[in-house]
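Commentary on secondary and tertiary structure
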Amino acid sequence: MPDEEVYEFKSGIKPMWCPGCGDYAVLNAVHKALTNLKLEPWRVAIISGIGCSSNLPHFLTAFGVHGIHGRVMPIATGLKLANPELTVIGTGGDGDGYGIGVGHFIHAMRRNLDITYIVMDNQIYGLTTGQASPTSLKEMKTKSTPEGVIENPVNPIALALASGATYISRGFSGDPKGLAELIEAGIKHKGFSLVDVFSPCVTYNKYNTYDYFRPKVYSLQKENHDTKDMGAAWKKALEWGEKIPLGIFYVAEGVPTYEDLEPAYRQGMPLKQKLGITDPRELIEEAM
Ligand SMILES: Cc1ncc(C[n+]2csc(CCOP(=O)(O)OP(=O)(O)O)c2C)c(N)n1
Ligand code: SF4
Ligand SMILES: [Mg+2]
């Protein structure tokens, strides 16, 4: 392949998201990151769960699995372990990743699998028409909380810091250029990368809108935040209110990934290992 060759990742299938949905900017940012990195579609797999945001893999030519609700990480983990040469990207919503899928999310981070996880965090269940999600803010009135949310929201950045993710960032659909850079850096990073994205649901979340975020968000990188300093990252992870940080909170380079440590890989990746049998029935008999 000539060095300059850049593959087209747009599949031709048009998203059916509502006009103005933040997920369009996320799709464009993923596309930009993949083309900037000059990746080949057949070496990339994009996994999603269920939700408006989880439709994303359909719109790209890379391999894709539109999975089941909350199970992005088990599918992504299986793919990565079977073929560590694949670039594996998880995508989905806040309900999918931080609610029903939160256990898998934590375990994938503590294992430091070399996966990038992009969460379109609109602080609502969009697909099911507007129930409160794990990141809905306290007191927010939704279809499922007519008197307001009484629970504290999940803080994805703090959760990722506590769980061992080695690249932790937050983007905003209102800043598509910055978002594409965060995704590109996340894919390049060796280890678990989280890109949490404020991706407004213009139909069901009338509170966390573009106008809500615009005056509040600022870039950590423009403030010379030290991404190697976990203490500083914690401080920034807890910042919420008049000022909300975007950008890279924390990066730890050189931490061994799960794939680096897995003893079975000493004989090569599973995909390229010989099964040592010619008749698959032997395998079934062994397993019975
Ligand atoms: C096991 C299971 N439980 C519940 C549902 C119903 N369901 C579908 S999508 C969804 C939430 C979607 O919210 P989110 O992940 O935030 O995605 P968004 O639509 O906001 O992008 C729910 C509860 C389901 N499909 N499967
Ligand atoms: S309901 Fe919300 S999340 Fe779903 S497509 Fe419409 S704006 Fe986007
Ligand atoms: Mg959502």
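Scope of this entry: the structure provided in the associated data block. (Residues numbered from 1 in each chain as written. Chains lettered and ligands numbered in written order. Predicted model: local features only at pLDDT ≥ 70, side-chain atom pairs only at ≥ 80, totals over all residues. Heavy atoms only, no water.)

Section: the coordination of the magnesium ion (ligand 3)
At the metal site, the magnesium ion (ligand 3) is ligated by D94 (OD), N122 (OD1) and I124 (O), and these contacts range over 2.1 to 2.2 Å. Look at where the donors of the magnesium ion (ligand 3) fall in the sequence and you get D-x27-N-x1-I. (Donors = N, O, S within 2.8 Å, 3.2 Å for Na, K, Ca; no water.)

A look at the site of ligand 1
Taken together, 16 residues lie around ligand 1, and C52, S53, G95, D96 and L127 are the ones closest in. In the model, an oxygen atom of ligand 1 is placed 2.8 Å from a nitrogen or oxygen of the G95 main chain. Between ligand 1 and L127 there is a distance of 2.9 Å, counted from an oxygen atom to a backbone nitrogen or oxygen. Taken by itself ligand 1 offers 590 Å² of open surface, and the protein chains cover 73% of this. Considering each element in turn, the shell around ligand 1 owes the most residues, four residues, to helix α3 (residues 94–100). For the shell around ligand 1, the per-class residue count stands at six nonpolar, eight polar and two charged. (Near = heavy atom within 4 Å. Polar contact = N/O pair within 3.5 Å; in protein donor to acceptor, adjacent residues only side chain to side chain. Areas by Shrake-Rupley, 256 points an atom, 1.4 Å probe, with all protein chains shown as cover. Helix = DSSP H or I, 4+ residues; strand = E, 2+ residues; numbered from the N terminus. Nonpolar A, V, L, I, M, F, W, Y, C, P; charged D, E, K, R; others polar.)

Topic: the sheet that holds strand β8 (residues 244–251)
Spatially, the eight strands line up as an open sheet ordered β2-β1-β3-β4-β6-β5-β8-β7, and their pairing is mixed. Either end of the sheet is taken by a strand with one partner, and the two such strands are β2 (63–66) and β7 (217–219). Here the average twist between neighbouring strands, direction ignored, is 20°. Along the sheet, helix α1 (residues 23–36) makes contact with β1 (44–48), β3 (87–93), β4 (115–121) and β6 (193–198), crossing β4 at roughly 160°. The sheet contacts of helix α8 (residues 230–237) involve β7 and β8, and relative to β8 the element is tilted by about 155°. (Pairing = 2+ DSSP bridges. Axes fitted to C-alpha atoms, helices over the stretch in contact; angles between N-to-C directions. Contact = heavy atoms within 4.5 Å.)

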